[in-house]
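Given next are the chains, with one letter for each unit.
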Amino acid sequence: ELVLNTLQTCPGPGKCPVKRDQPHKLDSSTSSHTVAAVSSTSVSSAQMSDLHRSVLLQCYVELKSSVNVEDHVLDYLYSKSVISKPLRDRIRDCATPESRTGLLLDELPSCRASAFREFIEALNASKVTAHQKLAKKLLEVAENG
């Protein structure tokens, strides 16, 4: 899903300030056209709920020290379009497993609303017992508010 950032009216043919490959919308009432400048960095406009953000913060230290996101978690989240390829690559470029998990946990709340549920699915799908236990704990903390 692309997020609309700005609208501009072009001053006339050949004077458009926006690159040709960006979307243009013709305005038939005038002889000009409107340009929609968009950002492709956002996967969705709805973000994670406050409750789920709070749960991730409450469990941050334990998650950061216990979860190795290279064990299937990153690829799972990428395959479900929860995280973008540039974010996945930034996470992989981190020097330590803890810093990779920390960056994912820092970025996850700004992903779409279903990111918390999909993170839990990724932990369960990883087949790592410690990940599955943490997934269960996250759900329990969320249920207890």
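Structure shown above.
Here's what I pulled together on the structure shown here. (Residues numbered from 1 in each chain as written. Predicted model: local features only at pLDDT ≥ 70, side-chain atom pairs only at ≥ 80, totals over all residues. Heavy atoms only, no water.)

Turning our eyes to something else, we now look at the overall build of the protein chain. Helix and strand counts for the protein chain come out as 7 helices and 3 strands. Among the 145 residues that make up the protein chain, the fraction classed as buried is 35%. A total of about 8700 Å² of accessible surface is found on the protein chain, and carbon and sulfur atoms cover 51% of it. (Helix = DSSP H or I, 4+ residues; strand = E, 2+ residues; numbered from the N terminus. Buried < 20%, exposed > 50% of the residue type's maximum accessible area, 1.4 Å probe, protein only. Areas by Shrake-Rupley, 256 points an atom, 1.4 Å probe, with all protein chains shown as cover.)

Bringing the packing of aromatic side chains into the picture now. If you walk through the whole model with that rule in mind, you get 0 aromatic pairs. The ring of Tyr 78 carries Arg 88 above its face, with NZ or CZ at 4.1 Å from the centroid. (Phe/Tyr/Trp six-rings, centres within 6.5 Å; stacked < 30°, edge-to-face > 60°. Lys NZ or Arg CZ within 6 Å of the ring centre and 35° of its normal.)

When we look at burial in helix 4 (residues 85–92), the residues that qualify are Leu 87, Arg 88 and Ile 91. Here the buried residues of helix 4 occupy an arc of 100 degrees about the axis, which is enough to place them on one side. By the N-cap criterion, in which a side-chain oxygen at the helix start approaches the backbone nitrogen of a residue two or three places on, helix 4 is capped by Ser 84, the distance to Leu 87 being 3.2 Å. (Arc of directions from axis to C-beta. Polar contact = N/O pair within 3.5 Å; in protein donor to acceptor, adjacent residues only side chain to side chain.)

A few words now on the environment of Leu 105. By the element assignment, Leu 105 lies in helix 5 (residues 97–107). Separated by 41 residues in the primary sequence, Leu 105 and Lys 64 place their C-alpha atoms 7.9 Å from one another. Sequence-distant contacts of Leu 105, that is, excluding residues within four places in its chain, are made with Leu 56, Tyr 60, Leu 63, Lys 64 and Phe 119. (Contact = heavy atoms within 4.5 Å.)

Turning next to the nonpolar core. Within the largest apolar cluster, 32 residues are counted, with the highest numbers of intra-cluster contacts made by Leu 56, Leu 63, Leu 77, Leu 104, Leu 108, Phe 119 and Leu 138. Listing elements by their share of this core, those giving two or more residues are helix 1 (50–58), helix 3 (73–79), helix 4, helix 5, helix 6 (115–125) and helix 7 (129–143). In terms of residue count, helix 6 provides more of this core than any other element does, 6 residues in total. Not counting chain neighbours up to four residues away, the residues in contact with Phe 119 comprise Leu 56, Leu 63, Val 73, Leu 77, Leu 104, Leu 105, Leu 108 and Leu 138. (Core = buried A, V, L, I, M, F, W, Y, C linked by side-chain atoms within 4.5 Å.)

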